[in-house]
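# Fold and geometry: a report
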Amino acid sequence: MTKQVSAAQAVAGIADGSTIAVNSSSGLCCPDAVLKALGQRFDDTSHPRDLTTIHPIAAGDFFGTKGVDHIAKPGLLRRIIGGSYPSGPTNADPPEIWKMITGEALAAYNVPSGIIFDILREAGAKRPGVLTKVGLDTFVDPKHDGCAMNETAKQAPIVRHTAFDGDDWLYFPAITPNVAIIRATTSDQRGNLSFEQEGAYLGAMEMALAVHNAGGYVIAQVRRVCQNGTIRPHDVHVPGILIDAIVEEPDMLQTTATRHDPAISGEVIRPLDSFDIPNFGPAKVIARRVAQELQKGWAVNVGFGVSANVPRILLEEGLHGDVTWVIEQGAVGGVPLLDFKFGCASNAEAFVTSPHQFAYFQAGGFDASLLSFLEIGQDGSVNVSRLRATPHRTAGAGGFVDITARARKIIFSGNFNAGAKLRIEEGRLTILREGKIAKIVPAVDQISFSGKRAVAQGQQITYVTERCVMQLTEQGLVVTEIAPGIDVERDILRQATGRIHVSDALRLMDARLFQDAPMTLDLDTPGRVPIRTGTAP
């Protein structure tokens, strides 16, 4: 009996009240055709109803892959548990899923991506749940939001504090899905799956295992179906014994707005000179200063935002390969991609599953993480996960909480405030018009990273902006460096609503940062490149 069916046939047996795990990261590995068929079935029949969906990373994007928006319909969805959500520009119409969340049409939760993978793993092994310290003192913690994104979710908590072995932990009961919707490149007729044109595996195996072990139904969307015996055993990453239905979709995108880029899937090596180098300006200054914090031989996580340009700074400096980049979707090495192709890397050295990558992150197995911020509290806490005015501008926390929980060294980067007009001229930073929205505030709107916990754990935390560098200490934020042309009182202290201290050893940021020429960066020097000291103007 063949396992190959149409998308409509694959979703026909999904029952009311099902819990569905979806393997995706924006457009990457998104089983869009199956999600579309599920939404169409509901439009045609008003079933299935009252579904719960679990997405460790967002399903869908703003650029051709609707993903979860196919099923964002009142009556169809009752609850959604996501590590992240589709996000896009402020001026774009919010996705349907965001309208449902803010309209209280379903219970919505933002659970760290790694914890969701842990929940699925524990469900697959029929263990009771996840004990973790990831998320303590952040929005994940029940003493704050308990992962709830709206009032409806607050009425049905999914995490609680519990005592174990004389210590305080967060406990997430296992959630057992009875349907999995995953994606691969090729399936043979028995359902053995290979991923040769994908940019990641994400958690396909873990989802299929959890559902299969619960007696559920596993759907695999693929680009093509081949004869049995034509996929090498070492190339099979999900065995056919776990797969119930195969849906062929030849025209699926590889990732966001990309039909097929063989460098993303490791089929070819892209020439290094084909990558764009950031144009000179304030954002490049920030990325360069972040790069000065790195050392040769380090494994470094890189996140979305300004810090995503740091690998290209190393390219420009002829230092590609001196640092190994690791991203949550599973790529190790290569050059992480930018904007809404974030989550993919060209020329990766290896792909590991996201659950394995998150085990690496949660334990602090890497050397440093480069991340962005929306707000910084005066206690050093960071918000990346919630913007009240335009919630669809942020995807939620994703893997941010997992990554920062035990990272030894974190460099947060971004503009000092929002909306400033800046110019760099003759090696000096000039503020032509000051921003109207402070990013250094008394307390962040949502705690994605706890400054207090970081201090208690001895984590090394640095904040890099275009006009200053700050360190986190027991006293709070301390300005240690300022840009040439910047006045501490006028351009820093008055532009923050939160309290900032100024170091007695204040110095200028390296003059090379502000010149439109390579810096001759040296990652062999312990710590960072020595900075030319000077008296602050």
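Not measured: the values here are computed from a predicted model.

Okay, the overall build of the chain next. What the chain contains, in helices and strands, is 12 helices and 32 strands. Taking 2.2 N^0.38 as the reference for a compact globule, 537 residues should give roughly 24 Å; the C-alpha atoms of the chain span a radius of gyration of 23 Å, in line with that estimate. Its C-alpha atoms give the chain principal-axis dimensions of roughly 80 × 50 × 45 Å. Here the chain, with 537 residues, has 58% of them falling under the buried criterion. Put simply, of all contacts in the chain between residues at least 6 apart along the chain, 75% involve residues at least 24 apart.

The interhelical angle for the contact between helix H4 (residues 113-124) and helix H9 (residues 354-362), taken along N-to-C directions, is 120°, at an axis separation of 9 Å. Accordingly, the angle class assigned to the pair H4 and H9 is oblique. Considering how the two elements wind past one another, H4 and H9 form a crossing that is left-handed. Here Ser113, Gly114, Ile115, Phe117 and Asp118 of H4 come into contact with H9, specifically with Ser354, Pro355, Phe358 and Gln362. For the contact of H4 with H9, a count of residues per class yields 4 nonpolar, 4 polar and 1 charged.

What follows concerns a nonpolar patch on the surface. Together, Phe63, Phe304 and Phe340 line one region of the surface with nonpolar side chains, adding up to about 260 Å² of accessible area. Take Phe340: it is sitting in the loop between strand E17 (335-336) and strand E18 (345-346). Residue classification places Phe340 among the partly exposed residues on the basis of a relative accessible area of 30%.

Here we come to the nonpolar core. Among the nonpolar cores identified, the biggest contains 112 residues, and Phe172, Ile182, Phe412 and Tyr463 are the most heavily contacted of them. If we ignore the near neighbours within four places in the chain, the residues touching Ile182 are Asn23, Pro31, Leu193, Ala204, Met207, Ala208, Val218, Ile219, Ala220, Gln221 and Ile243. Core analysis: the next-biggest nonpolar cluster, separate from the first, contains 32 residues, Ala10, Val22, Cys30 and Ile181 among them.

Where strand E25 (residues 421-425) lies against strand E26 (residues 428-433), 5 bridges are found, and the strand directions are antiparallel. Bridging across to E26, Glu425 finds its partner in Arg428. In sequence, E25 turns back onto E26 through a hairpin of 2 residues, with Glu426 there showing a positive phi of about 55°.

So, about the pattern of salt bridges. All told, the structure shown has 27 salt bridges when counted by the stated rule. Lys143 serves as the salt-bridge partner of Asp137, at 2.6 Å between the closest nitrogen and oxygen. Given a relative accessible area of 53%, Lys143 falls into the exposed group. Note that Asp251 is salt-bridged to Arg259, the shortest N-O span being 3.9 Å. Among the residues examined, Asp251 registers a relative accessible area of 55% and is labelled exposed.

With that settled, the discussion passes to the packing of aromatic side chains. Throughout the structure, instances matching the rule amount to 14 aromatic pairs. Relative to Phe63, the ring of Phe62 has its centre 6.5 Å away and its plane inclined at 45°; by these criteria the two rings are tilted. Given the relative accessible area of 24%, Phe62 is considered partly exposed. One Lys or Arg, Lys133, reaches over the ring of Trp169 and ends 4.6 Å from the middle of that ring. The ring of Phe275 is capped by Arg270, whose NZ or CZ atom sits 3.9 Å from the centre of that ring.

The subject of this paragraph is H9. For H9, the full list of buried residues reads Ser354, Pro355, Gln357, Phe358, Phe361 and Gln362. For H9, the angular spread of the buried residues around the axis is 155°, confining them to a single face. A positive backbone phi angle near 70° is found at Gly364, which sits one or two residues after H9.

A cis amide bond links His47 with the next residue in sequence, Pro48, at an omega value of 0°. Secondary-structure assignment places Pro48 in the loop between helix H2 (32-45) and strand E2 (51-55). The backbone of Ser26 shows a phi angle near 55°, a positive value even though the residue is not glycine. Overall, the relative accessible area of 22% leaves Ser26 in the partly exposed class. Its identity is not glycine, yet Asp50 carries a phi of approximately 55°, on the positive side. Here Asp50 lies in the loop between H2 and E2.

Another aspect to go through is the environment of Pro271. Residue position: Pro271 is located in the loop between strand E13 (245-248) and helix H7 (282-291). For the pair Pro271 and Ser346, spaced 75 residues apart in the sequence, the C-alpha separation amounts to 9.9 Å.

Read from one edge to the other, the open sheet built from 3 strands follows the order E10-E9-E12, with strand pairing classed as mixed. Looking along the sheet, the strands with just one partner apiece sit at the ends: strand E10 (193-194) and strand E12 (224-226). The pairing of strand E9 (residues 186-188) with E10 spans 2 bridges and is classified as antiparallel. Across the sheet, residue Ser187 finds its bridge partner in E10, namely Leu193.

Moving on: the sheet that holds strand E21 (residues 375-377). The mixed open sheet is built from 3 strands, whose spatial order is E22-E21-E28. The strands lining the two open edges of the sheet, one partner per strand, are strand E22 (382-383) and strand E28 (440-441). Where E21 meets E28, 2 bridges bridge the pair, whose relative direction is parallel. Paired with Gly377 across the bridge in E28 is Val441.

Each value, and the rule that gives it
Residues numbered from 1 in each chain as written. Predicted model: local features only at pLDDT ≥ 70, side-chain atom pairs only at ≥ 80, totals over all residues. Heavy atoms only, no water. Helix = DSSP H or I, 4+ residues; strand = E, 2+ residues; numbered from the N terminus. Rg over C-alpha atoms; globule rule 2.2 N^0.38 Å. Buried < 20%, exposed > 50% of the residue type's maximum accessible area, 1.4 Å probe, protein only. Contact = heavy atoms within 4.5 Å. Axes fitted to C-alpha atoms, helices over the stretch in contact; angles between N-to-C directions. Parallel < 35°, antiparallel > 145°, perpendicular 65-115°, else oblique. Left-handed = near helix turned anticlockwise from the far one by under 90°. Nonpolar A, V, L, I, M, F, W, Y, C, P; charged D, E, K, R; others polar. Patch = residues over 30% accessible without salt bridge, like charges linked within 9 Å, V, L, I, M, F, W, Y side chains within 5 Å. Areas by Shrake-Rupley, 256 points an atom, 1.4 Å probe, with all protein chains shown as cover. Salt bridge = Lys/Arg side-chain N within 4 Å of Asp/Glu carboxyl O. Core = buried A, V, L, I, M, F, W, Y, C linked by side-chain atoms within 4.5 Å. Pairing = 2+ DSSP bridges. Phe/Tyr/Trp six-rings, centres within 6.5 Å; stacked < 30°, edge-to-face > 60°. Lys NZ or Arg CZ within 6 Å of the ring centre and 35° of its normal. Arc of directions from axis to C-beta.

The values reported here are purely geometric and, on their own, carry no functional implication.
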